[in-house]
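Listed here are the chains, written in short residue letters.
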Amino acid sequence: MTDTISEHADQTLTQGEPLVEMVDVGKSYGAIRALKGINLTVRAGEVTGVLGDNGAGKSTLIKIISGLHSHNEGTLKVDGNEVKFSSPREALDHGIATVYQDLAVVSLMEVWRNFFLGSEMTSGGFPLSGMKIKEMKRIADEELQKMGIVVKDIDQPIGELSGGQRQCVAIARAVYFGARVLILDEPTAALGVKQSGVVLKYTAAARDAGLGVVFITHNPHHAYLVSDHFVILKLGQAVLDKKRSEVELDELTRQMAGGDELTELSHELKR
Amino acid sequence: MSQTSQKPSVGAPSEASNRVQLSAFNRVLARPEIGALVAAIVIGIFFLIVAPPFRSADSLATVLYQSATIGIVAVGVGMLMIGGEFDLSAGVMVTSAGLVNAIFCFEYGINLWVGAVLSLLFALGVGFLNGYLVMKTGIASFLITLGSFFVLIGVNLGVTKLVTGSVTTSNINQMDGYSQLHAIFASTFTIGGVTVSIIVLWWFLFVAIATWVLQRTKIGNWIFAVGGNSASARAVGVPVLKVKVGLFMTVSFLAWFMGMHTLYRFNTLQSGNGIGNEFLYIIAAVVGGTLLTGGYGNAIGVAIGSFIFGMTNLCIVYAGWDPNWFRAFLGVMLLLAVLVNLYVKKLSTARKVG
């Protein structure tokens, strides 16, 4: 599957080149400050693991990068140019694709329709010109098979696939349509052990193909398996920002489990 | 990591033997309109037995006409429901569109074409407003269009009374442009001795276009997506606002079209007409297999739903029963058709998984 990913990956990407840079980015919703002073760099061929508990600001962070919300403090640069996205389409046009945990696919629609959703192949430029349905089905089927996903029937509603397969279809779709930055929002949260493994392999494969990956999770074990750089968010601020070489799994786990608060709590609860 | 990832993945079922090819029978069963088709055939056979006058080509033409009067707007309402929204104002909008044309042209004595275009702009404007308000406020379309439904009822009656002094518009059949517009919207033609209204052809055309759009075009893909899961659709770059506003405007366009037919067929309009038809459109769509929550359905199904309506409506008369029973009968038909739908869908999906 690495082959497939490299086939579609942007050949101009060079390892370590910064694709997305966030400097001192913040976001407030009315009086509520969801994110403050975030510095984050997504580099080609690297996985940046963003960890945090519920409400830590993970979702806000990815919504800014993926164009669902725009930031109101600091700067966001893509390929060195400052940008402010007003729709997910703009982010997609910059090669930033996001795979959401809960809203990756439209479950009642067929697999091939989902695969091409938003990037349909049409036979003409008119709004009502027909789609190349046969070709779309063939490509969707081939691309999924190359990645090791064999669906029973390319015409079946995607809701009938397992959670892991749905995530993989969404990742395969993002890569096929030329994503340079892949944002994975808790891709393993609802999955079993085996299926998580499949998704993690895809993540690694995307990284090896030279894509910049942002991996959002609250599972430090999954983050540690694939990430090159770790950021832990707490109450909208980064409390840890280290390279893989500078941090141990124990520290990540401790921070995620509550870190210092937990130590304090264990003192208080001591009998 | 890169070495392990080159092996076939362990977790995903990758054996080709896992593939199944559904039998043609099951694939047919899985289509949204199949329940309605079964219901239509059963009801049709029933009325062929109990209502002898139904067994003629003339009756079929009349049934088709009756079906088209609901079916044209129902096609739009069905597409809108697949897109996940409701429009309760569609029934009254038919009357509003006709009234705008009739009153404006009669009062100013100008060519009816001007009024028809003005009325189209008015209807599209109302549709745009419905859609835009739903999308921008996030309030359920049920409530927004319930509001516009009542506004339109009031305005229809109020303005007509104010301008003409009665609740009926003046006859327009002597005005400029009448014959052309009548030919387009309300003429009839004879085929093998049977008189058929042109509106039936328009209905078939709209159903064909809607089927093409839903099944074969990019926009159709987007309609299913915004109805099935609008957040997902937005995240992959589907212009959700445009699609939904466009659907509301499609409904109001078709309501305008029906309004033109009503006006040019009867030449005068009762300003209180159209109330209650919005439910008939929704019934036709639901009977035709459209999912009430959006994301599933098709235009053929909606057409069959409209046909069941037209057939029941007239065959009660053909059978010599008191027509007052029609709505009770329609309600029973609706429940039966929905149950058949549900049963068939369960049957088909159960086999599909197993």
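Only a predicted model underlies this, so the values are computations on that prediction, with no experimental measurement involved.

Some points on the overall build of chain A
- The secondary structure content of chain A amounts to 10 helices and 10 strands.
- By the compact-globule yardstick of 18 Å for 271 residues, chain A fits well, its C-alpha radius of gyration being 19 Å.
- For chain A, the spread of C-alpha atoms along the principal axes amounts to about 70 × 40 × 35 Å.
- Taken across its 271 residues, chain A has 50% of its residues classed as buried.

Considerations on the overall build of chain B
- Across its full length, chain B carries 15 helices and two strands.
- Buried positions account for 50% of the 354 residues belonging to chain B.
- Here the analysis covers contacts within chain B between residues at least 6 apart in sequence; of these, 78% occur between residues at least 24 apart.

A closer look at the pairing of strand 10 (residues 237-243) of chain A
- In this sheet, strand 10 of chain A lies alongside strand 9 (residues 229-234) of chain A in antiparallel orientation, the contact comprising six bridges. Looking across to strand 10 of chain A, one finds that I232(A) is bridged to L240(A).

A closer look at the nonpolar core
Residue and element names in this part refer to chain B.
- Counting 182 residues, the largest nonpolar core has V73 and A255 as its most contacted members.
- Considering every element that reaches this core, the biggest residue donor is helix 12 (residues 240-266), with 15 residues.
- Among all residues touching A255, those that are not within four sequence positions of it are V73, A90, M93, V94, A97 and A123.

Considering unusual backbone geometry
Residues and elements named next belong to chain A.
- Of note in the backbone geometry, D24 takes a positive phi value of approximately 55 degrees without being a glycine.
- For D24, the position within the fold is in strand 1 (residues 18-29).
- Non-glycine residue D79 carries a positive phi angle of around 55 degrees.
- Position of D79 relative to the elements: it lies in the loop between strand 4 (73-78) and strand 5 (81-83).

A word on helix 7 (residues 141-164) of chain B
Residue and element names in this part refer to chain B.
- For helix 7, with 24 residues, the first-to-last C-alpha span of 33 Å sits near the 34 Å given by 1.5 Å per residue.
- Among the residues making up helix 7, those that are buried are S141, I144, T145, S148, F149, L152, N156 and T160.
- Those residues of helix 7 that are buried are in contact with helix 5 (90-108), helix 6 (112-137) and helix 13 (277-287).
- In the segment just after helix 7, G165 is the residue with positive phi, at about 80 degrees.

Concerning the pairing of strand 6 (residues 96-99) of chain A
Residues and elements named next belong to chain A.
- Of the two faces of strand 6, the one carrying I96 and T98 and the one carrying A97 and V99 are both buried.
- Here strand 6 pairs with strand 7 (residues 181-185) via four bridges, running parallel. Within strand 7, the position partnered with V99 by the bridge is L184.

Things to note about the sheet that holds strand 9 of chain A
Residues and elements named next belong to chain A.
- The six strands are arranged 6-7-8-3-9-10 in an open sheet whose pairing can be described as mixed. Two strands close off the open sheet at either side, each with one partner strand: strand 6 and strand 10. Within the sheet, the average angular offset between the axes of one strand and its neighbour, ignoring direction, is 15 degrees.
- Of the strand pairs in this sheet, strand 3 (residues 47-52) and strand 8 (residues 212-217) are connected by five bridges, and their pairing is parallel.

Concerning the environment of A235(B)
- Considering the arrangement of structural elements, one finds A235(B) in helix 11 (residues 230-235).
- Along the sequence, A235(B) and S59(B) sit 176 residues apart, while their C-alpha atoms lie 51 Å from each other.

Thoughts on the sheet that holds strand 1 of chain A
Residue and element names in this part refer to chain A.
- Across the sheet, which stays open at both edges, the four strands sit in the order 2-1-4-5 with antiparallel pairing between neighbours. Only two strands of the sheet have a single neighbouring strand rather than two, namely strand 2 (32-43) and strand 5. In this sheet, adjacent strand axes meet at a mean angle of 30 degrees when their direction is disregarded.

Focus: helix 7 (residues 193-208) of chain A
Residue and element names in this part refer to chain A.
- In this model, helix 7 (16 residues) spans 23 Å end to end at C-alpha, consistent with the 22 Å of a helix rising 1.5 Å per residue.
- Within helix 7, burial applies to Q195, S196, V198, V199, L200, K201, Y202, T203, A205, A206 and R207.
- Taken from the residues just after helix 7, G210 is the one with a positive phi, measuring 100 degrees.

What to know about the environment of N39(A)
Residue and element names in this part refer to chain A.
- Along the chain, N39 turns up in strand 2.
- On the basis of neighbour counts, which here come to 13 C-beta atoms within 10 Å, the residue N39 falls in the partly exposed class.
- Remark: the alpha-carbon pair of N39 and L76, spanning 37 residues in sequence, is separated by 9.6 Å.

Examining the packing of helix 6 of chain B against helix 7 of chain B
Residue and element names in this part refer to chain B.
- Close contact between helix 6 and helix 7 brings their axes to 9 Å; oriented N to C, the two are set at 145 degrees. The handedness of the crossing between helix 6 and helix 7 is right-handed. On helix 7, the residues touching V126, N130, L133 and V134 of helix 6 are S141, I144, T145 and S148.
- Class assignment for the residues of the contact of helix 6 with helix 7 results in four nonpolar, four polar and no charged.

Topic: the confidence of the model for chain B
- Within chain B, residue pLDDT values average 87, and 88% of them lie at 70 or more.
- Ignoring residues within four places in sequence, the model shows residues 1-17 of chain B, a span with pLDDT below 50, making 36 contacts including any to other chains.

Details of the packing of helix 4 (residues 57-82) of chain B against helix 9 (residues 198-216) of chain B
All names here are of chain B.
- Here helix 4 crosses helix 9 at 25 degrees, and the two axes come no closer than 9 Å. On the basis of their axis angle, the class for helix 4 and helix 9 is roughly parallel. In the packing of helix 4 onto helix 9, the handedness of the crossing is left-handed. Across from L64, Y65, A68, G71, I72, V75 and M79 in helix 4, the residues of helix 9 making contact are I199, V200, W202, W203, F206, V207, A210 and L214.
- Counted by class, the contact of helix 4 with helix 9 contains 14 nonpolar, one polar and no charged residues.

Definitions and limits used
Residues numbered from 1 in each chain as written. Chains lettered and ligands numbered in written order. Predicted model: local features only at pLDDT ≥ 70, side-chain atom pairs only at ≥ 80, totals over all residues. Helix = DSSP H or I, 4+ residues; strand = E, 2+ residues; numbered from the N terminus. Rg over C-alpha atoms; globule rule 2.2 N^0.38 Å. Buried ≥ 20, exposed ≤ 12 C-beta atoms within 10 Å, placed from the backbone. Contact = placed C-beta atoms within 7 Å. Pairing = 2+ DSSP bridges. Core = buried A, V, L, I, M, F, W, Y, C linked by C-beta atoms within 7 Å. Expected span 1.5 Å × (residues − 1). Axes fitted to C-alpha atoms, helices over the stretch in contact; angles between N-to-C directions. Left-handed = near helix turned anticlockwise from the far one by under 90°. Nonpolar A, V, L, I, M, F, W, Y, C, P; charged D, E, K, R; others polar. pLDDT = per-residue confidence, 0-100. Parallel < 35°, antiparallel > 145°, perpendicular 65-115°, else oblique.

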